[in-house]
Amino acid sequence: MDGTTIRPATGKDLAAVEALLREAALPTDGVARILALTPGDVVVAVQGESIVGAAAIEVAGADALLRSVVVRSNGRSTGVGRAMVTQLLAEADRRRYEGVYLLTTTAGDWFPRFGFTRVERSSVPRAIAETWEFKTGCADTAVAMARRATGTSAGRRP
Ligand SMILES: CC(C)(COP(=O)(O)OP(=O)(O)OC[C@H]1O[C@@H](n2cnc3c(N)ncnc32)[C@H](O)[C@@H]1OP(=O)(O)O)[C@@H](O)C(=O)NCCC(=O)NCCS
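Worth saying up front: this structure is predicted, and the values here are computed from it rather than measured.

Asker: Account for helix α1 (residues 14-23), with residues named and values stated.
Answerer: For α1, the set of buried residues is Val17, Leu20 and Leu21. Take α1 and look down its axis: the buried residues cluster within an arc of 100°, on one side only. Facing away from the buried side of α1 by more than 90 degrees, the exposed set consists of Ala15, Arg22 and Glu23. Considering only its buried residues, α1 is in contact with α2 (31-37), β2 (42-47), β3 (50-60) and β4 (63-71).

What follows is the structure, encoded as C-alpha cells:
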C-alpha cells in the first residue's frame, strides 16, 4: 500500500478501470455513466503512473450500491482494496445513505470486515433491486450483502 494514492477517477481513467474490471471478469456496464454523472463516486488507486485498483458507489434511492471493487491481480493483499472501500464507505456515511448494498460471487468472505452481512436478495429496497447489477448484471448465484447505517432498521422498504 506504500506509495499508493486513492483519488476520485476522471474520464481519462475509464479505459484503465474497465480493463481492470474485465481482467477480474467483473461487469463494466454503468461505470462510464457513474463517472460522467457523479465522478467522485468512482475512486482509483494509483501507484506511480499506473491505476492498480478501482471501486465505485452507485446511488439508488435512499441507498447506495457498492460495485466494481477491483485490485490488479499482482497488487492484491497489500491493503489497496481496503483503502478504497473504506474511503467510499466513509463518504456513504457522510451522505447518510440508509444502507449500502452489494452483490458478489467472489468476495463474500471479504466484505464482512467492512460491516456487510449477507441478506436475501429479495429483501433489498426496490431501488437497489432495480439497479442493472441486481436486475441483469450479476449471476443468480451472487450473494447479496448489506451494510446498514447505524440506527436504521433492517426492515424491507417499499
Ligand atoms: C476482493 C479484492 C478487491 C480485495 O482487494 P485487496 O487489495 O487484495 O484486499 P486487501 O489487501 O485490502 O485485503 C487483503 C485481505 O483480504 C483477503 N481477501 C482478499 N480477497 C478476498 C476474497 N475474494 N475473499 C475473501 N478474502 C479475501 C486476503 O486474504 C487478505 O486477508 P488478511 O487481511 O487476513 O491477510 C481483490 O482481491 C480483487 O480485486 N478481487 C477480484 C475482484 C473481486 O472479487 N471484487 C469484488 C467483487 S464485488
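Asker: Outline unusual backbone geometry, supporting the account with residue identities and numerical values.
Answerer: One non-glycine residue with positive phi stands out, namely serine 77, at about 60°. With respect to the secondary-structure elements, serine 77 resides in the loop between β4 and α3 (80-95). For serine 77, a count of 8 C-beta atoms within 10 Å corresponds to the exposed category.

Asker: Quick rundown of the site of the ligand? Include the residues and the values.
Answerer: The environment of the ligand is made up of 18 residues, and the closest members are Arg76, Gly81, Arg82, Thr106 and Ala107. Sorting the residues of the shell around the ligand by element identifies β4, α3 and β5 (99-104) as the ones contributing at least two each. Within the shell around the ligand, the residues separate by chemical class into nine nonpolar, six polar and three charged.

Calculation rules
Residues numbered from 1 in each chain as written. Predicted model: local features only at pLDDT ≥ 70, side-chain atom pairs only at ≥ 80, totals over all residues. Buried ≥ 20, exposed ≤ 12 C-beta atoms within 10 Å, placed from the backbone. Helix = DSSP H or I, 4+ residues; strand = E, 2+ residues; numbered from the N terminus. Arc of directions from axis to C-beta. Contact = placed C-beta atoms within 7 Å. Near = placed C-beta within 6 Å. Nonpolar A, V, L, I, M, F, W, Y, C, P; charged D, E, K, R; others polar.

It is worth stressing that arrangement in space is one thing and function is another; only the former is reported here.
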